[in-house]
Amino acid sequence: TITSGTSRMDGNDVNPNEDEEWIAEWQRIKENDPSTTALERDGDDDIPNMTDEEWEELGRDISNNTHLKDLDLYNHALNDHKMSFFFRGLTGSSFIRDMGLYSNGLTVAGVRSMVPFLQNANNLFNLDLEDNNIQSEGFNELFRAFRDSPIEQLRCCGCGIGSIEIDIENIPRQLKLLDLNGNFINADGCRVLSKLLQWGDATLERLDLRGNYIDDESVEILVNALQSNTSLTILNLSKNDGISSHGIIMLLKLVNNISSIKATLQSNHTLKNIYLKGDNVIEYHIARALESNRAYEGDPERAGKDKIINFQIDSSRRAALAELQGVRQSLYSEINPLHLPEVFALVGRYLDEGELYVALKSSIEEVMSTVNRKQCLQQQMAYHMAKIAEHRANLEAAKVELAAIETEEVHDSTSIWSESPRSNKKLRAL
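Residues numbered from 1 in each chain as written. Predicted model: local features only at pLDDT ≥ 70, side-chain atom pairs only at ≥ 80, totals over all residues. Heavy atoms only, no water.

Undergrad: I'd like a description of helix H7 (residues 216-226), backed by residues and values.
TA: Extensive coverage of H7 is indicated by the burial of eight of its eleven residues. All of the buried residues in H7 are Asp 216, Ser 218, Val 219, Ile 221, Leu 222, Val 223, Ala 225 and Leu 226. Those residues of H7 hidden inside the fold are in contact with helix H6 (187-198), strand S8 (234-236) and helix H8 (245-255). For H7, the capping residue at the N-terminal end is Asp 215, with a side-chain oxygen 3.2 Å from the backbone nitrogen of Glu 217. (Buried < 20%, exposed > 50% of the residue type's maximum accessible area, 1.4 Å probe, protein only. Helix = DSSP H or I, 4+ residues; strand = E, 2+ residues; numbered from the N terminus. Contact = heavy atoms within 4.5 Å. Polar contact = N/O pair within 3.5 Å; in protein donor to acceptor, adjacent residues only side chain to side chain.)

Structure below.
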């Protein structure tokens, strides 16, 4: 039998109608009513005061329910003490996918009460612990508990987290979103978080570190981790005053390194959004590079080629990027001159005649460098010598033919004179 007290946790009187609604909803959960798939209760408004035994009973009823998928108990609905009884009953579930326990003032003790459930919740997709006080110890307990969990989204915003411990052998293997905004994470924390970005089967797609203690050193650590990462698409570093222009330039080079064509092709082509201050010219160039990543999502080769066309070959854009990144050498100085015709074709296809002129003007020395004067002269000499040989052969053939004609003419002349006396005798006989 479900019973309930007569006052709320804040000591105010309970509206009898709301109390009856709560009892009816709990009864449906107990009876495994298919129509009840979510339990959402605000502790400040609509949860009556409950005994420890009732919290345990509610946890047990939820554990036995096969239709409840969403569980949200927030705004002081729970505390560490109630958590211990609630999760004594709720030891596991194969059906709960989303759990929200935010704004309950929970500490590491409350997290420890959850551990058995987390280890046995084989369908939990999302856990929201925002605005609690679990601190670093509680976060580390969570990560260890999630070792074999299917968890994909973990939100621990404003939870007093500073130092982080992550054992690469004991991390959530399907984690896609990690929201840690509003904590105290610094360079040391980023060094540990980078493990999630560097391990071979990295799955993390969204990392939210806004409003922490992120500085340029932290950015450098993250940039190094993201050089070869192909999973993270969204990085939020806004509201971190410790990031200077130097740190933002490191992020620009991460997604569009203009120092060489090879560097551009090897830039990060996976990130789709990087959130920073939003009012910096460097961020404008970051946003332009990310447009290429979004346009060719899943095809890093195409994204790299797009950046070559739009940011390397386009002289004005390249000049702006080169200035920011401290690049001095010309693009065409590194291109094999034998490949320049292909480059000119790209310029003509995607850019205007002005850019084609710039390309030709910038690369004329490289084009001329392909001409080997000595070899050119040797080729010319060989050509003319071949022509001379051909003419000589024709001359000799003409001489032979002429001699044959002259010999035949002499023979014909001799024949005529040798026949003349006989002709005279015949004439006399007549």
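Still more to cover.
Undergrad: Can you break down the packing of aromatic side chains residue by residue, with the values?
TA: Counted by the stated rule, this structure contains seven aromatic pairs. When the ring of Trp 22 is compared with that of Trp 26, the centres are 6.0 Å apart and the planes differ by 45 degrees; the resulting orientation is tilted. Highlighted residues: Trp 22 and Trp 26, both in helix H1 (residues 16-30), separated by four residues, approximately one helical turn. One exposure class covers both Trp 22 and Trp 26, and it is buried. With a centroid separation of 5.0 Å and an interplanar angle of 40 degrees, the aromatic rings of Phe 139 and Phe 143 are classed as tilted. Of the two residues, Phe 139 and Phe 143 are both situated in helix H5 (residues 135-145); the distance of four residues between them amounts to about one turn of the helix. Phe 143 shares its class with Phe 139; the two are buried. One aromatic cluster is present, formed by Trp 55, Phe 86, Phe 87 and Phe 117 through successive ring pairs. (Phe/Tyr/Trp six-rings, centres within 6.5 Å; stacked < 30°, edge-to-face > 60°.)

Undergrad: Can you tell me about the side chain of Ser 238, naming the residues and giving the values?
TA: Following the sequence through the fold, Ser 238 ends up in the loop between S8 and H8. What makes Ser 238 buried here is its relative accessible area of 12%.

Undergrad: Give a description of unusual backbone geometry that names residues and reports values.
TA: In the Ramachandran plot, Asp 131 falls in the positive-phi region, its phi being about 60 degrees despite a non-glycine side chain. A relative accessible area of 45% places Asp 131 in the partly exposed class. Unlike most non-glycine residues, Lys 239 shows phi in positive territory, near 60 degrees. Mapped onto the elements, Lys 239 comes out in the loop between S8 and H8.

Undergrad: Before we move on, could you go through the pattern of salt bridges and cite the residues and values that matter?
TA: Considering all chains together, one arrives at 16 salt bridges under this definition. With a shortest N-O distance of 2.6 Å, Arg 41 and Glu 25 are connected by a salt bridge. Of the two residues, Arg 41 is situated in strand S1 (residues 38-42) and Glu 25 in helix H1; the sequence distance between them amounts to 16 residues. A relative accessible area of 12% means that Glu 25 is categorised as buried. Note that Glu 137 is salt-bridged to Arg 112, the shortest N-O span being 2.5 Å. Pair noted here: Glu 137 is in helix H5 and Arg 112 is in helix H4 (residues 108-120), with a separation of 25 residues, a long-range link. The network of salt bridges with shared partners includes Lys 30, Glu 57 and Asp 61. (Salt bridge = Lys/Arg side-chain N within 4 Å of Asp/Glu carboxyl O.)

Undergrad: Any chance you could break down the confidence of the model for the protein for me, citing the residues and the numbers?
TA: In the predicted model, the protein carries a mean pLDDT of 84, and the fraction of residues at 70 or more is 80%. Predicted confidence is poor over residues 336-340, with pLDDT under 50, and the contacts of this stretch with residues over four places away or in other chains come to eight contacts. (pLDDT = per-residue confidence, 0-100.)

Undergrad: Tell me about the environment of Asn 126, residues and numbers included.
TA: By secondary structure assignment, the location of Asn 126 is in strand S4 (residues 126-128). Each C-alpha atom, one on Asn 126 and one on Glu 152, is 6.1 Å from the other, the two residues being 26 residues apart in sequence. Dropping the residues within four chain positions of it, Asn 126 is found in contact with Arg 97, Asp 98, Met 99, Ile 151, Gln 153 and Arg 155. Among the polar contacts made by the side chain of Asn 126, one reaches the side chain of Arg 155 at a distance of 2.8 Å.

Undergrad: Explain the packing of helix H11 (residues 300-313) against helix H12 (residues 315-325) to me, using residue names and the numbers behind them.
TA: When two helices pack together, their arrangement is given by the angle between their axes and by how far apart the axes lie. Where H11 meets H12, the axes come as close as 5 Å, and the angle between the chain directions of the two elements is 80 degrees. By the criterion of interaxial angle, the relationship of H11 to H12 is roughly perpendicular. Counting all contacts with H11, which are made through Asn 310, Phe 311, Gln 312 and Ile 313, the residues of H12 involved are Ser 315, Arg 317, Arg 318 and Leu 321. Of the residues assigned to the contact of H11 with H12, the class counts are three nonpolar, three polar and two charged. (Axes fitted to C-alpha atoms, helices over the stretch in contact; angles between N-to-C directions. Parallel < 35°, antiparallel > 145°, perpendicular 65-115°, else oblique. Nonpolar A, V, L, I, M, F, W, Y, C, P; charged D, E, K, R; others polar.)

Undergrad: Run through the pairing of S1, naming residues and quoting values.
TA: Every other side chain in a regular strand lies on the same face of the sheet, so the side chains alternate between the two faces. In terms of strand pairing, S1 meets strand S2 (residues 70-74) through five bridges, oriented parallel. Bridge assignment links Ala 38 to a residue of S2, and that residue is Asp 70. In this region the chain leaves S1, passes through helix H2 (residues 52-64) and returns to the parallel neighbour S2; the handedness of that crossover is right-handed. (Pairing = 2+ DSSP bridges. Right-handed = clockwise from strand over helix to strand, strands pointing away.)

Undergrad: Lay out the sheet that holds S1 in plain terms, naming residues and giving numbers.
TA: The pairing of strands in a sheet comes from backbone hydrogen bonds and takes either a parallel or an antiparallel form. Strands sit in the order S1-S2-S3-S4-S5-S6-S7-S8-S9 across an open sheet of nine strands; the sheet is parallel. Both outer strands of the open sheet, S1 and strand S9 (273-275), are each paired with one neighbouring strand and no more. Going across the sheet, the axis of each strand differs from the next one's by a mean of 5 degrees, ignoring polarity. When S2 meets strand S3 (residues 98-100), the two strands line up parallel, connected through three bridges. Bridge pairing links Asp 70 to Asp 98 in S3.

Undergrad: Mind laying out H8, listing which residues take part and the relevant values?
TA: For H8, the buried fraction is high: eight of the eleven residues fall into the buried class. All buried positions along H8 are accounted for by Gly 247, Ile 248, Ile 249, Met 250, Leu 251, Leu 252, Leu 254 and Val 255. Packed against the buried residues of H8 are H7, S8, S9, helix H10 (281-295), H11 and H12.

Undergrad: Can you explain the packing of H10 against H11? Please cite residues and give values.
TA: At a minimum axis separation of 8 Å, H10 and H11 run at an interaxial angle of 140 degrees. By the angle class used here, H10 and H11 are oblique. The element H10 and its partner H11 pack so that their crossing is right-handed. For the pair H10 and H11, the contacting residues are Arg 288, Ala 289, Ser 292 and Asn 293 in the first and Ala 303, Asp 306, Lys 307 and Phe 311 in the second. Considering only residue class, the contact of H10 with H11 consists of three nonpolar, two polar and three charged. (Left-handed = near helix turned anticlockwise from the far one by under 90°.)

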